[in-house]
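Breakdown of the fold
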Amino acid sequence: MEQIESVKEWDGWLNRYTHQSKTCQCEMTFSVYLPAASTAGSVPVLYWLSGLTCTDDNFRTKAGAQRYAAEHGIALVIPDTSPRGDDVPDEPERYDLGHGAGFYVNSTTERWKKNFQMYDYIVSELPALVESKLPLDGTRRAISGHSMGGHGALICALKNPGMYKSASAFAPICNPINCDWGKGCFDAYLGDDLEAWKSYDATCLVNAGNGSADLPLKVDQGGDDEFLADYLAPEALVEACAKQGLSLDYNLRDGYDHSYHFIATYFGDHMTFHARALKKA
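Within every chain, residues take consecutive numbers counted from 1 along the sequence as written. Where local features are concerned, this predicted model is filtered to residues with pLDDT of at least 70; where side-chain atom pairs are given and counted, the filter is 80 or more; whole-chain, interface and lining totals use all residues. Hydrogen atoms and water are omitted, and side-chain values are computed over all heavy atoms in the structure.

On to the nonpolar core, then. Among the nonpolar cores identified, the biggest contains 69 residues, and F103, L136, I143 and Y189 are the most heavily contacted of them. When residues of this core are assigned to their parent elements, the largest contribution, 8 residues, is made by helix α3 (residues 118-133). Working rule for contacts: check all heavy atoms of both residues, and any pair within 4.5 Å makes them a contact. What F103 contacts, discounting residues up to four positions off in sequence, is L52, T81, M148, H151, I173, P176, W181, G182, C185, F186 and Y189. Take the buried Ala, Val, Leu, Ile, Met, Phe, Trp, Tyr and Cys residues and link them wherever side-chain atoms come within 4.5 Å; each set so joined is a nonpolar core. The classification of residues rests on relative accessible area computed with a 1.4 Å probe and restricted to protein chains. Under 20% of the type maximum is buried, over 50% is exposed, and intermediate values are partly exposed. Grouped together as the second largest cluster of nonpolar side chains are 22 residues, Y33, Y260, A275 and L278 included. Think of it this way: any DSSP run of H or I at least four residues long counts as a helix, any run of E at least two long counts as a strand, and we number them from the N terminus.

Counting buried positions along strand β3 (residues 26-34) yields 7 of 9 residues, so the element is predominantly enclosed. Two elements, strand β2 (residues 12-21) and β3, share 9 bridges in a ladder whose sense is antiparallel. Residue L14 lies in a different strand from β3, and its bridge partner there is Y33. Pairing between two strands requires that DSSP report at least two bridges joining them. Where β2 hands over to β3, the hairpin turn is made up of 4 residues, of which Q25 adopts a positive phi near 55°. Where β3 and strand β5 (residues 75-79) come together, 4 bridges link them in antiparallel fashion. Paired with V32 across the two strands is V77, which belongs to β5.

With that settled, consider the pairing of strand β1 (residues 2-9). Where β1 and β2 come together, 7 bridges link them in antiparallel fashion. Of the residues in β2, the one forming a bridge with Q3 is Y17. Connecting β1 to the next strand, β2, in antiparallel fashion are 2 residues, including W10 with a positive phi near 50°.

For the rest of this paragraph, the subject is unusual backbone geometry. If a residue is not glycine, its phi is most likely negative; likewise, a peptide bond is most likely trans. You will see that D11, though not glycine, has its phi angle at about 65°, which is positive. Secondary-structure assignment places D11 in the loop between β1 and β2. Classification of D11 by relative accessible area gives exposed; the value is 57%.

On to the packing of helix α2 (residues 65-72) against helix α10 (residues 260-280). Where α2 contacts α10, the two axes come as close as 10 Å, and the packing angle between them is 30°. Considering their axes alone, α2 and α10 lie roughly parallel with respect to each other. As α2 packs across α10, the resulting crossing turns out to be right-handed. Only F267, G268, M271, T272, A275 and K279 of α10 make contact with α2, whose side of the interface consists of A65, Y68, A69 and H72. Only the contacting stretch of a helix is used when fitting its axis, a line to C-alpha atoms as for every element, and angles between N-to-C directions run 0 to 180 degrees. An angle counts as roughly parallel when it lies under 35 degrees, as roughly antiparallel when it exceeds 145, as roughly perpendicular when it falls between 65 and 115, and as oblique in every other case. Each crossing is labelled by how the near helix is turned from the far one, with a counterclockwise turn of less than a right angle marking it left-handed and a clockwise turn marking it right-handed.

A few words now on the side chain of D80. Along the chain, D80 falls in the loop between β5 and α3. When its relative accessible area of 6% is taken as the criterion, D80 is described as buried. Polar contacts involving the side chain of D80 include one to the side chain of R84, which spans 2.6 Å. In this structure D80 touches T29, C54, T55, D56, Y104 and M118, once residues within four positions along its chain are discounted. Whenever two N or O atoms come within 3.5 Å, that pair is a polar contact, provided that in protein one can donate a hydrogen and the other can accept it, and provided that, for residues adjacent in sequence, both atoms are side-chain atoms.

Structure, rendered in structure tokens:
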């Protein structure tokens, strides 16, 4: 774990690191915001998962999140969205497969399985690394994300009871087995095993009994999101949570699109939501 950048913000530090990932078998990059409170001891941590085409840089420069992290004394861990490198497979003509599009699954198909193990990277390798090296309280974790990353945040929380105290998402891909983004990536990464597809689909997981009434969930969706009608399916998740008795705070925000303008507007609300859950822990 090598630190390659450090910038002071809101009396804390935004650091960037690289490390050689055993899970993804390549060099991975991630950022961490450490609030000033971390100088006095371990602080709670929010893991943020970004969307298609993004790196760790999009969120840390566009969301305004560090201000709220400093206010609540919560660290931010911001991984990349996929393995990268000259030896890592890619589909350069597609933005929704390969580099920048890991979809937070463990690939099982021959071409992708060596490197594209993003689910294990997010829930196992990365937390073990940063929580052993930095003043982060691994008993008080939350997770959030946007679009593909919102999908990732939801499935990580639903598949790992007790690991996260709360989960939230902006414009998540809620039912990927039924949209072109999900079908295209799941077919490439997981082959034709529909049960494997369902195991990485938030709506399917909820319908199958994953999740708990003790796990607070929050989803914000822009009403003018250009991807809403064909790709995101929040109504499927809302219906599944209602049937299963899960606590989902769902908000359809009139006039907002899919961009970081939307995220920046409501990220403070999400940070307050997570802070309440983390402080109860």
